[in-house]
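These are the residues of each chain, in order.
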Amino acid sequence: MGNTELHSIHVHPVKAFRGQSPREAVVEPWGLAGDRRWVLIDDGGKVVTQRQQPRLALAAAELLPGGGIQLSAPGREPVSIPVPEPIGTTTVDIFGDKVEAVLADAAAHAWCSDYLGAEVHLVHMDDPARRRPVDPDFARPGETVSFADGYPLLVTTLASLDALNALIAQGDHAHEGPLPMNRFRPNAVVSGAAAWAEDDWSRIAIGEVTFRVAKMCGRCVVTTTDQSTAERGKEPLRTLGRHRRVGNQLIFGQNLVPESPGTLRVGDPVTVLE
């Protein structure tokens, strides 16, 4: 194997939208700066993701200076959304967790609702420090997360994706492969590690930042959504179910909690500490 290093960085300003791949990103206690600080909710306050709306794969969100975002999608005029003034909050239900967030402006709701053909509202998490605790079974007191599924960062490796694609190629849905990494929506992608090496990590350093490996990442239907067409298939869940089942979860990638602040940069060395 070559040097183990950070191959790419991925920030998703709005949960479930297409993200960006910057050359560097600041690590905050709750995740990469700008990652998943915005999310769509329905009229009942429940989060709306690609689980319910696969077409979100085709919509993109880009960070603007000052923390606002620009939304774009096929056949739509882009719209710029400023960070809303925190004059009041609304309750968001994210997988049973109740957290407070601030509603974006009416233009944001109109644009997103029109695109999806369903009534949705865009909200912003103004202060992740007081918003949402990480799963206490895998966290330490005071650790929080933004609107990511459960943990501040998700790391995957190129070698594991290659190994998974080799398994898909042997299966009865081989025509769906090979799958690109964007199916898994990671924050950090590592090159140079052996396939499935991340299964055995418990602490790692990426450049100047150290992370605790909280738990393996159980995968959902979003991974079966082609991020360039929004169409759904059977893979990778069918193959993960045969080869990567741990308990009732289908595993790909590892969830990370930062132990220190700092900046990640593409090309940073990745060191296994424990």
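Refer to the structure above for everything that follows.
Each residue is numbered by its place in its chain's sequence as written, counting from 1. Residues qualify for local features only when their pLDDT is at least 70, as the model is predicted, and side-chain atom pairs are given and counted only at 80 or more; totals for whole chains, interfaces and linings, by contrast, use all residues. Hydrogen atoms and water are omitted, and side-chain values are computed over all heavy atoms in the structure.

A. How the structure looks around the sheet that holds strand E2 (residues 24-28). Pairing in this open sheet of three strands is antiparallel, and the strands run E3-E2-E18 from one edge to the other. Since the sheet does not close on itself, it has two edges, and those belong to strand E3 (31-32) and strand E18 (262-265), each with one partner. Strand pairing follows a simple DSSP-based rule, namely that at least 2 bridges must link the two strands. Working definition: helices are DSSP H or I runs of at least four residues, strands are E runs of at least two. Numbering for both runs from the N terminus. Where E2 and E18 come together, four bridges link them in antiparallel fashion. Note that in E18 the partner of Val27 across the bridge is Gly262.

B. Quick look at the sheet that holds strand E5 (residues 47-48). Across the sheet, which stays open at both edges, the five strands sit in the order E5-E4-E11-E10-E9 with antiparallel pairing between neighbours. Two strands bound the open sheet, and with one partner strand each, they are E5 and strand E9 (90-94). The pairing of E9 with strand E10 (residues 97-103) spans five bridges and is classified as antiparallel. Across the sheet, the residue bridging to Thr90 is Ala101, located in E10. Sheet strands touched by helix H1 (residues 106-116): strand E4 (38-41), E10 and strand E11 (121-124). Its angle to E11, the strand with the most contacts, is close to 130 degrees. For this analysis, residues touch if any pair of their heavy atoms sits within 4.5 Å. Axis definition: a line fit to C-alpha positions, over the contact stretch in the case of helices; interaxial angles, taken between N-to-C directions, run 0 to 180 degrees.

C. Spotlight on H1. Among the residues of H1, those classed as buried are Ala108, His109, Trp111, Cys112, Ser113, Tyr115 and Leu116. The inward-facing, buried residues of H1 abut E4, strand E7 (69-72), strand E8 (79-81), E10 and E11. Of the residues one or two after H1, Gly117 is the one with positive phi, at around 65 degrees. Note on exposure labels: buried denotes an accessible area under 20% of the residue type's maximum, exposed denotes more than 50%, and partly exposed covers the range between, all computed with a 1.4 Å probe on protein chains only.

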